[in-house]
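The lines below spell out each chain.
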Amino acid sequence: MLYFLPTPIGNLGDISARCLDILELANIVICEDTRVAKSLYNLLKISPKNKKFYCLNSHNSDEFCAKFTNLKEILNEQLCAYLSDAGMPGISDPGEFLVNFAKNNNIEYFVLPGANAALLAAVASGLIKKEFIFLGFLPNTGKEREIALQNALSLAYPAIIYESPKRILKLVENIANIDENREIFAIKEATKKFEKKFFGRAIEVFQILKNANLQGEWTLIIKNAKEQNTQNLSPKDILALDIAPKIKAKLLSKITGENAKKIYENLINKAKF
């Protein structure tokens, strides 16, 4: 039997009694990083002895399956636990692969509820009424990252993004350069001793973060474009923005009421508005 166990994202007190039971009973532990998993066992004062630890990450899924020609039998007949390094398995980690393997091979599996940075940030932000879009980590560099950010800013729902301490300042700066008045919320080191929240207009948050300690894992929420106040923006202001033509067309359409497709074609043809 296979269990997917959420692990604390910072505070060990967030582990559930049910998770503790499975951690102790499981004789096979599949995890992103065996060192992290064994460290968690020791911190929780559960002996990792007599347990077999196996690494499964985004790069070795084929190798992992090749190693266990009888993986289906193992998962069916033994008590197995899958652990993320932190948070819910399958959310920005390779747990998704194992879920699909279990589904495709009629393996009984259970997912236990627990800590999740995205949902914690969603509640703490006050920016989400019901729907939101989780984007995980954006591409690290280049054109793909630029396109992904422009997409996040044009969504009809708030976007939740994970980011590293090395890139958080640049991410907020890029948002401010595109739309300095866009409301954002950022939280670092969630549930830990030095948890810190930042919120306001993108340009304001950027100025604060320039002088802040950026160490720690970050979750960022961008307020959706639909609810942003665009009444003070003129078509000229939007045309001056350094954003993709499709996004410009959508914004211009909302302000002018004209057909977005027609506006886009005019932009491509460098027509004057």
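Calculation criteria
- Residues numbered from 1 in each chain as written.
- Predicted model: local features only at pLDDT ≥ 70, side-chain atom pairs only at ≥ 80, totals over all residues.
- Heavy atoms only, no water.
- UniProt positions renumbered as here; feature names shortened; annotations may be inferred.
- Helix = DSSP H or I, 4+ residues; strand = E, 2+ residues; numbered from the N terminus.
- Buried < 20%, exposed > 50% of the residue type's maximum accessible area, 1.4 Å probe, protein only.
- Contact = heavy atoms within 4.5 Å.
- Salt bridge = Lys/Arg side-chain N within 4 Å of Asp/Glu carboxyl O.
- Pairing = 2+ DSSP bridges.
- Axes fitted to C-alpha atoms, helices over the stretch in contact; angles between N-to-C directions.

The name an unreviewed UniProt entry assigns to the chain is Ribosomal RNA small subunit methyltransferase I, from the organism Candidatus Campylobacter infans. Recorded in UniProt for the chain, the comment headed Catalytic activity (unreviewed entry) runs: "cytidine(1402) in 16S rRNA + S-adenosyl-L-methionine = 2'-O-methylcytidine(1402) in 16S rRNA + S-adenosyl-L-homocysteine + H(+)". In its Subcellular location (unreviewed entry) section, the UniProt entry covering the chain states "Cytoplasm".

Caption draft 1: Region of interest: the overall build of the chain. In terms of helices and strands, the chain carries 12 helices and 10 strands. For the C-alpha atoms alone, the extent of the chain along its principal axes is close to 70 × 40 × 30 Å. A burial count over the chain gives 44% of its 273 residues as buried. For the chain, the share of sequence-separated contacts (at least 6 apart) that also reach a separation of at least 24 residues comes to 70%.

Caption draft 2: The arrangement of the pattern of salt bridges in detail. Tallying each qualifying case throughout the model produces 11 salt bridges. A salt bridge links Glu-189 to Lys-192; the nearest nitrogen and oxygen atoms lie 3.5 Å apart. Residue class for Glu-189 comes out buried when judged on its relative accessible area of 18%. When its relative accessible area of 33% is taken as the criterion, Lys-192 is described as partly exposed. Between Glu-204 and Arg-201 there is a salt bridge; the shortest N-O distance is 3.1 Å. Because the salt bridges share partners, they merge into one network encompassing Arg-145, Glu-163 and Arg-167.

Caption draft 3: Layout of the sheet that holds strand β10 (residues 218-222). The 5 strands are arranged β6-β7-β10-β8-β9 in an open sheet whose pairing can be described as mixed. Bordering the open sheet on either side are β6 (133-137) and β9 (196-201), each of which pairs with just one other strand. Averaged over all neighbouring strand pairs, the angle between strand axes comes to 15°, with direction disregarded. Direction of pairing for strand β8 (residues 183-188) relative to β9: antiparallel, over a ladder of 6 bridges. Note that in β9 the partner of Ile-187 across the bridge is Lys-197. Each of β6, β7 (159-163), β8, β9 and β10 is contacted by helix α6 (residues 117-125), which is oriented at about 50° to β10, the strand it contacts most. Set on the sheet, helix α9 (residues 202-209) makes contact with β8, β9 and β10; between it and β9 the angle comes to about 140°.

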